[in-house]
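Observations on the model geometry
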Amino acid sequence: MAHCSKTTNGGESWIDTIEIGNINAFYFHDDNNGWIVSNYSMYKTTDGGNNWEFLSDIFDLTVLQFAFESNSKGYMLAVDYNYQDLYTIYQTLDGGLNWVPLRKYTYLKNIFVSETGKIWGVGEYAQIFSSDEIITSVEEDQIKEEINTYLLSQNFPNPFNPITTIRYSIANHSNVTIKVYDILGREVVALVNEEKPVGEYEVEFNAETLPSGIYFYQLKAGQFSETKKMILLK
């Protein structure tokens, strides 16, 4: 059984607030109001995570992400077990008690709600969605042809437990390494260590044997080097 923990000093120390199963997704709209999904149940806090109220069971859904416009109106990105190839955006108007499906997509990575209430999403092959419209779409071959820079993306999901995916781009044929380090700078694992041609790639990181905490992953390719932070939350 894992714990949901909070920090008030930038991560120097953590306080356990609730004993709970694996956390699949979480979101805080402000300092006090937040939502989490653990296994097949959804919970909400109104006091900064000190206490969590059970909202509902969601046995048929794998929740990937929340995005709230206010404490009552929000959106949820999830995959239905009955339709594994479809990603659905749901809407709530009562703080997460009830959810109504808005639209299904073949693939969505991320959703975001702007200050004006418009829903944005990023999909497959650089598709960008606004509400129910495709704003732009770029063919996969064209994307590969136009790669002219090195890029290390934020791992997804983040926080994660225990598996996350790291995507990166290589602008020139290079010897590529991606290594994971703990908060003390000690190398945990080398995920990639080989020659790579120009292109976009992704690698999966399984932290099943590691404790919860902050980790760093670093991409090195030729003269390029970039490091990002990720959080393992069990």
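Before any of the text, the structure's been laid out above.
In this text, all values refer to a predicted model and were calculated from it rather than measured experimentally. (Residues numbered from 1 in each chain as written. Predicted model: local features only at pLDDT ≥ 70, side-chain atom pairs only at ≥ 80, totals over all residues. Heavy atoms only, no water.)

Across its full length, the protein holds one helix and 21 strands. The long-range fraction of contacts in the protein, counting pairs at least 24 apart against all pairs at least 6 apart in sequence, stands at 39%. Carbon together with sulfur atoms contributes 47% to the accessible area of the protein, which is approximately 13000 Å² in total. (Helix = DSSP H or I, 4+ residues; strand = E, 2+ residues; numbered from the N terminus. Contact = heavy atoms within 4.5 Å. Areas by Shrake-Rupley, 256 points an atom, 1.4 Å probe, with all protein chains shown as cover.)

A sheet is described by the order of its strands in space; here four strands give the open sequence β18-β17-β20-β21, paired in antiparallel fashion. Where the open sheet ends on each side, the last strands, each with one partner, are β18 (187-196) and β21 (224-232). Each strand axis lies, on average, 15° off the axis of its neighbour in the sheet, ignoring direction. With eight bridges connecting them, strand β17 (residues 174-182) and β18 associate as antiparallel partners. Residue pairing in the sheet places V176 in a bridge with E194 of β18. (Pairing = 2+ DSSP bridges. Axes fitted to C-alpha atoms, helices over the stretch in contact; angles between N-to-C directions.)

Attention now goes to the sheet that holds strand β3 (residues 23-28). The antiparallel open sheet is built from four strands, whose spatial order is β3-β4-β5-β6. With partners counted over all chains shown, the strands left at the sheet margins are β3 and β6 (53-57), one partner each. Geometrically, the sheet is characterised by an average inter-axis angle of 20° between neighbouring strands, direction not taken into account. Pairing of β3 with strand β4 (residues 34-38), which is carried by five bridges, proceeds in the antiparallel orientation.

The final tally for this structure, using the stated rule, is six salt bridges. The partner of K73 in a salt bridge is E69, with the nearest N and O atoms 3.6 Å apart. One salt bridge in this structure joins K179 and E187, with 3.7 Å as the shortest N-O distance. Looking at E187, the relative accessible area reads 45%, which means it is partly exposed. (Salt bridge = Lys/Arg side-chain N within 4 Å of Asp/Glu carboxyl O. Buried < 20%, exposed > 50% of the residue type's maximum accessible area, 1.4 Å probe, protein only.)

A cis geometry characterises the amide bond from F156 onward to P157, with omega recorded as -5°. Relative to the helices and strands, P157 resides in the loop between β15 (151-152) and β16 (163-170). In this structure, the amide linkage connecting N158 to the following residue, P159, adopts the cis form with an omega of 0°. With respect to the helices and strands, the residue P159 is situated in the loop between β15 and β16.

If a probe as big as a water molecule is rolled over the atoms, it shows which places are left empty. When its volume is computed, the second largest pocket comes out at roughly 570 Å³. Contributing to the lining of the second largest pocket are 26 residues, with S5, K6, T7, W14 and L233 lying nearest its centre. When residues of the lining of the second largest pocket are traced back to their parent elements, those giving at least two are β1 (2-6), β3, β20 (213-221) and β21. Residue composition of the lining of the second largest pocket, by class: 13 nonpolar, nine polar and four charged. (1 Å grid on protein atoms, 1.4 Å probe; cavity = no way out; pocket = protein on both sides within 12 Å on 5 of 7 lines; lining within 4 Å. Points joined across faces, edges and corners; volume = space filled by probe spheres on them. Nonpolar A, V, L, I, M, F, W, Y, C, P; charged D, E, K, R; others polar.)

What follows covers the side chain of D182. Structurally, D182 can be placed in strand β17. Here L184 takes part through its backbone nitrogen, which lies 2.9 Å from a polar atom of the side chain of D182. Each residue touching D182, except ones within four places of it in the same chain, is listed here: V188, I214, Y215 and F216. (Polar contact = N/O pair within 3.5 Å; in protein donor to acceptor, adjacent residues only side chain to side chain.)

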